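Given next are the chains, with one letter for each unit.
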Amino acid sequence: MHNRDAVFLEDLCPKLRDRRWRKSLHNFTDNSCIYCGKKSESIDHIEPLSKGGLSITKNCVPACLSCNGSKSDAEAFYWYRTQRFYDPRRAMAIRAWIDGDIRLAMRLLQWAKPKQLPTNIISNQNSKGGNFDIKAA
Ligand SMILES: [Zn+2]
């Protein structure tokens, strides 16, 4: 019996492996929906299960419930192009993901993220329009 200890826990418990795999997918996109950038709450099959899509990393992307539900069994790129939040950089990221190039997909997603303004720019904008002619009267 003792030599059986070598069996990995994950092999005994496929659910645990599945959960870890899903978590790793969400980590790739920093827990954001690959389509719209909101919080990812689910895994979307790019090629739907109903059309023979597989549950493998190349075919599974983190998505918010809204996108996942809206896309349903539609063709991913066709559906995505018709969305308000369509972003060509994200579309490229999805393409890279399908091609198995997760690293490229991550870079493209990083690029697509809204940039935060440095605080000094924001404070400059706030002080703009200050009335310097107030003593001219
Ligand atoms: Zn979404």
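Because the structure is a prediction, the values reported are computed rather than measured.

Asker: What's the story with the overall build of the protein chain in this structure? I'm lost.
Answerer: A count of helices and strands for the protein chain gives seven helices and two strands. Reading the helices (α) and strands (β) of the protein chain from amino to carboxyl end gives α-α-β-β-α-α-α-α-α. Counting across all 137 residues of the protein chain, residues that qualify as buried make up 18%. Expressed as a percentage of contacts within the protein chain between residues at least 6 apart in sequence, the contacts between residues at least 24 apart total 45%.

Asker: What is the right way to look at helix H2 (residues 14-28) in this model?
Answerer: Structural remark: α-helix, 3.6 residues per turn; residues separated by three or four positions point the same way. Along its 15 residues, H2 runs 21 Å from first to last C-alpha, staying within 8% of the 21 Å computed at 1.5 Å per residue. Taken from the residues just after H2, Asp-30 is the one with a positive phi, measuring 60 degrees.

Asker: Help me out: how do you make sense of the confidence of the model for the protein chain in this one?
Answerer: Caution applies to low-pLDDT parts of the model: their predicted coordinates are not meant to be read in detail. Mean pLDDT over the protein chain stands at 85; residues scoring 70 or higher make up 75%. The element-level mean pLDDT for the protein chain is lowest in helix H7 (residues 119-127), coming to 50, with strand S2 (residues 60-63) highest at 98.

Asker: Just checking my understanding: could you explain the nonpolar core for this structure?
Answerer: Generally speaking, soluble globular proteins have nonpolar side chains that are buried together. Among the nonpolar cores identified, the biggest contains 17 residues, and Cys-33, Ile-34, Tyr-35, Ala-63 and Ala-93 are the most heavily contacted of them. Elements that contribute at least two residues to this core include exactly S2, helix H4 (76-81), helix H5 (88-98) and helix H6 (102-112). Not counting residues within four places of it along the chain, the set of residues in contact with Ala-93 comprises Ile-34, Ala-105, Leu-108, Leu-109 and Ala-112.

Asker: Would you take a moment to explain the packing of H5 against H6 for this structure?
Answerer: How two helices pack is summed up by the angle between their axes together with the distance between the axes. Between H5 and H6, the least distance of the axes is 8 Å, while the angle of their chain directions is 170 degrees. Relative to H6, the element H5 lies roughly antiparallel. Taken together, the residues of H6 that come into contact with H5 (itself represented by Arg-89, Arg-90, Met-92, Ala-93, Ala-96 and Trp-97) are Ile-102, Leu-104, Ala-105, Leu-108, Leu-109, Trp-111 and Ala-112.

Rules of the game
- Residues numbered from 1 in each chain as written.
- Predicted model: local features only at pLDDT ≥ 70, side-chain atom pairs only at ≥ 80, totals over all residues.
- Helix = DSSP H or I, 4+ residues; strand = E, 2+ residues; numbered from the N terminus.
- Buried ≥ 20, exposed ≤ 12 C-beta atoms within 10 Å, placed from the backbone.
- Contact = placed C-beta atoms within 7 Å.
- Expected span 1.5 Å × (residues − 1).
- pLDDT = per-residue confidence, 0-100.
- Core = buried A, V, L, I, M, F, W, Y, C linked by C-beta atoms within 7 Å.
- Axes fitted to C-alpha atoms, helices over the stretch in contact; angles between N-to-C directions.
- Parallel < 35°, antiparallel > 145°, perpendicular 65-115°, else oblique.

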